[in-house]
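Listed below, chain by chain, are the residues.
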Amino acid sequence: MIRLLRAVIDSAALRHNLGTIRAYAPGSKVMAVIKANAYGHGLVSTALALGDADAFAVARLEEGIALRAAGVRAPIVLLEGIFNAEQLAEAAHHGFELVVHDPLQIKLLEAHRDARRFVVWIKMDTGMNRLGFRPEAFGPALARLRALTVPSLELRVMTHLARADERSEPMTIAQIEKFEATLAAAGLTGVQRLATSIGNSAGTLGHPRAHGDWVRPGLALYGVSPFADATAAKHGLKPVMTLETTVLTVREVKRGETVGYAGAWRAERDSSIAILAAGYGDGLPRHLANGTPVLVAGARHPLVGRVSMDMIAVDVTGAPKVTAGSRAIVWGDGLPVEEVAAHAETIPYELLCGVSQRVPLELK
Ligand SMILES: *Cc1c(COP(=O)(O)O)cnc(C)c1O
C-alpha cells in the first residue's frame, strides 16, 4: 500500500446491489444512474462493472461521450437532454436517448434532419417543479413529438418523485396518480401505452407502484440507503465505496490544551489524538462535527476539532494499538456514509459526489 488515502471501489458490491434492485422491481428494466462520476465512484469503471444494466443515465452530454469513448455500447439516457443543434447532432452520432422536458428541445428535434433513430423520454412534471411538462402541457408536447419527421422516433414517458424517501408521505402516491391520469387523458393506454419510468432509488425500494417499465436507481446502486429509517443492510445493499486513510501520528495532548485551527476543541482530560490523512482537500466537509465517528484500526473513535485541508484529528484515548501507520476508514465498510453525512448535516449523495480529484479510486 503506497497511498496514504484512497477510495476503494468494490465492484462485486456494485453488481450485488444491481441484483438486489432487480429483486425489488422484477418486472422493470434498470437504468443505472451514473451521473456525477457515478456519484464519485468513477464513471467508466462503474459502467464497466455494471455491464448487466439495461441502460445508463447521465446528466450531461460529455459524460455520455466519455462512456462511448470507453467502449460502452449500452443505451445511454441524457437526463437533462440537449440544448442546441450541435449537441443534438452529437447525441445522434453517439446514439444517446434524450429526455425532452422543454419546448426548446422539441423545436430542435423538429429542425433536425438526421435520419438516425432517437429514443425520446418525454418528461412529465407531476409536482417536483424542476424539469418536465406540466400535466396540462403534456398533451400538446406529445402531439408535437408524435408529428416529428425523424424516422421511427420511439417515445417513452417519465416523471421524477420529490419525496419518495419519506415512506408515508402522500405526495408520492399523488404524483404517481397524476402521472397515470395524465397518460390516460392523453390516450396512452392499452395498445397506445408507452414505456414508463418513475422511481429513483427510494421509489424503487419503497413504492412498488413507482416501478413502471424502467426504474432509475442511483444511490442504492452504491449501497446507500435512501431512507432515514432503514439502513442499507436492511435493504440488502452493500456499501461500494470505502474511503480509507492512514494515521500520520499519535500525540499526547494535555488536559486544557486545544487541537487544530481556531482551538476549536479543548481536551477535558489528557488525551491521545491521532492525526489522519484526510481533509476538505479530499472532499470531507469542513463542518463535520466534533464527535463524528471515524473507524481507526477497526474501532470507532470521535473526530475532534476542525477539519483541515489534508488532515483530521481523532480522539483515540485508551486505544494503545493505534499508532502512526494504522489504517482508518472515514466511511464505507463498517461505517455507513449515511451516518457520517448526518454529522455534517448533509446527505450521503453530497459526500460521495464530493470526493475530490486527488483521491485515487482503486477498483477491488
Ligand atoms: C439522479 C436521478 C435519479 C437517481 O436518483 P437516486 O435518488 O440516486 O436513486 C433518477 N432520476 C433522475 C431524473 C435523476 O436526476
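Computed from a predicted structure; not experimentally measured.

J.: Break down the overall build of the chain for me, with residues and values.
T.: When its secondary structure is counted, the chain shows 11 helices and 18 strands. By its C-alpha atoms, the chain is 75 × 45 × 35 Å across when sized along the principal axes. Within the chain, buried positions represent 53% of all 364 residues. Accessible area of the chain: about 16,000 Å², with a carbon and sulfur share of 53%. Charge separation in the chain, taken as the distance between the mean sites of 39 positive and 36 negative side-chain charges, equals 2 Å.

J.: Explain the site of the ligand to me, and be specific about the residues and the numbers.
T.: Residues in contact with the ligand amount to 14 residues; listed here are only the nearest, Lys35, Tyr39, Ser201, Leu219 and Tyr349. At a separation of 2.8 Å, an oxygen atom of the ligand approaches a polar backbone atom of Leu219. Between an oxygen atom of the ligand and a side-chain N or O atom of Tyr349, the distance comes to 2.7 Å. Across the shell around the ligand, the residue classes tally to six nonpolar, four polar and four charged.

J.: Give a detailed account of the packing of helix H6 (residues 103–111) against helix H7 (residues 135–146), specifying residues and quantitative values.
T.: Where H6 contacts H7, the two axes come as close as 10 Å, and the packing angle between them is 15 degrees. With respect to H7, the element H6 is oriented roughly parallel. Seen along the crossing, H6 lies across H7 with a hand that is left-handed. For the pair formed by H6 and H7, the contact residues are Pro103, Ile106, Lys107, Leu109 and Glu110 on the first element and Ala141, Arg144 and Leu145 on the second. Its residues assigned to classes, the contact of H6 with H7 comprises five nonpolar, no polar and three charged.

J.: Residue-level account of the side chain of His301, with values.
T.: Position of His301 relative to the elements: it lies in strand S15 (residues 299–304). The residues contacting His301, other than those within four sequence positions of it, are Thr292, Pro293, Val294, Val296, Val314, Asp315, Val316 and Ala319.

J.: Run through the packing of helix H4 (residues 61–69) against helix H5 (residues 85–94), naming residues and quoting values.
T.: At a minimum axis separation of 11 Å, H4 and H5 run at an interaxial angle of 25 degrees. Accordingly, the angle class assigned to the pair H4 and H5 is roughly parallel. In the crossing of H4 with H5, the sense of the turn from one axis to the other is left-handed. Of the residues in H5, those in contact with Leu61, Ile65 and Arg68 of H4 are Gln87, Glu90, Ala91 and His94. When the residues that make up the contact of H4 with H5 are grouped by side-chain class, the tally is three nonpolar, two polar and two charged.

J.: How would you explain the pairing of strand S7 (residues 154–158) if you had to name every residue and give the values?
T.: Judged by how many residues are buried, S7 sits mostly within the fold: four of five residues are covered. Direction of pairing for S7 relative to strand S8 (residues 195–197): parallel, over a ladder of three bridges. Its bridge partner being in S8, Met158 is matched across the sheet by Ser197.

J.: Any chance you could break down the pattern of salt bridges for me, citing the residues and the numbers?
T.: Between side chains of opposite charge, pairing is possible as soon as their charged atoms come close. One pass over the structure, following the stated rule, counts 21 salt bridges. Across the pair Arg6 and Glu244 runs a salt bridge whose closest N-O atoms are separated by 3.0 Å. Remark: Glu244 occurs in strand S10 (residues 241–253) and Arg6 occurs in strand S1 (residues 6–9); sequence separation between them is 238 residues. Here the two residues Arg6 and Glu244 agree in accessibility, since each one is buried. As a salt-bridge pair, Arg358 and Asp282 come within 2.6 Å of each other at their nearest N and O atoms.

J.: I'd like to hear about a nonpolar patch on the surface, residue by residue, with values.
T.: A surface patch of nonpolar side chains, about 240 Å² in accessible area, is lined by Leu4, Leu248 and Met311. Leu4 sits in the partly exposed class, given a relative accessible area of 46%.

Cut-off values and rules
Throughout, a residue's number is its position along its own chain's written sequence, starting from 1. Side-chain atom pairs in this predicted model are given and counted only at pLDDT of 80 or more, local residue features only at pLDDT of at least 70, and totals for whole chains, interfaces and linings cover all residues. Heavy atoms throughout the structure, all of them, feed into the side-chain values; hydrogens and water do not. In this description a helix means any DSSP run of H or I spanning at least four residues, a strand means any run of E spanning at least two, and both kinds are numbered starting from the N terminus. Residue burial is assigned from relative accessible area. The probe radius is 1.4 Å, only protein chains are included, and a residue is buried under 20% of its type maximum, exposed over 50%, and partly exposed in between. Computed with a 1.4 Å probe, the accessible areas rest on the Shrake-Rupley method; for each residue, only the protein chains presented here act as cover. We score Asp and Glu as negative and Lys and Arg as positive, and we do not count His or the chain ends. Where a charge lies is defined by one atom per residue type: Lys uses NZ, Arg uses CZ, Asp uses CG and Glu uses CD. For this purpose, a residue is taken to be near a molecule or strand whenever a single non-hydrogen atom of the residue falls within 4 Å of it. Here a polar contact is recorded for every N or O atom pair within 3.5 Å, except that within protein the pair must consist of a potential hydrogen donor and a potential acceptor, and residues adjacent in sequence are included only if both atoms are side-chain atoms. Any residue outside Ala, Val, Leu, Ile, Met, Phe, Trp, Tyr, Cys, Pro, Asp, Glu, Lys and Arg is labelled polar, Gly included; the first ten of those are nonpolar and the last four are charged. For helices, the fitted line uses only the C-alpha atoms of the stretch in contact; every axis is such a line through C-alpha atoms, and the angle between N-to-C directions lies from 0 to 180 degrees. Angles below 35 degrees are treated as roughly parallel, those above 145 as roughly antiparallel, those between 65 and 115 as roughly perpendicular, and all remaining angles as oblique. Should the near helix be turned anticlockwise from the far one by less than a right angle, the crossing is termed left-handed; should it be turned clockwise, right-handed. Contact criterion: two residues are considered in contact whenever any of their non-hydrogen atoms come within 4.5 Å of each other. Pairing between two strands is assigned when DSSP locates at least 2 bridges connecting them. By definition here, a salt bridge exists when the distance from a side-chain nitrogen of Lys or Arg to a carboxyl oxygen of Asp or Glu is within 4 Å. Surface patches are defined over residues having more than 30% relative accessible area and no salt bridge, joining like charges when they lie within 9 Å and nonpolar side chains (Val, Leu, Ile, Met, Phe, Trp, Tyr) when within 5 Å.

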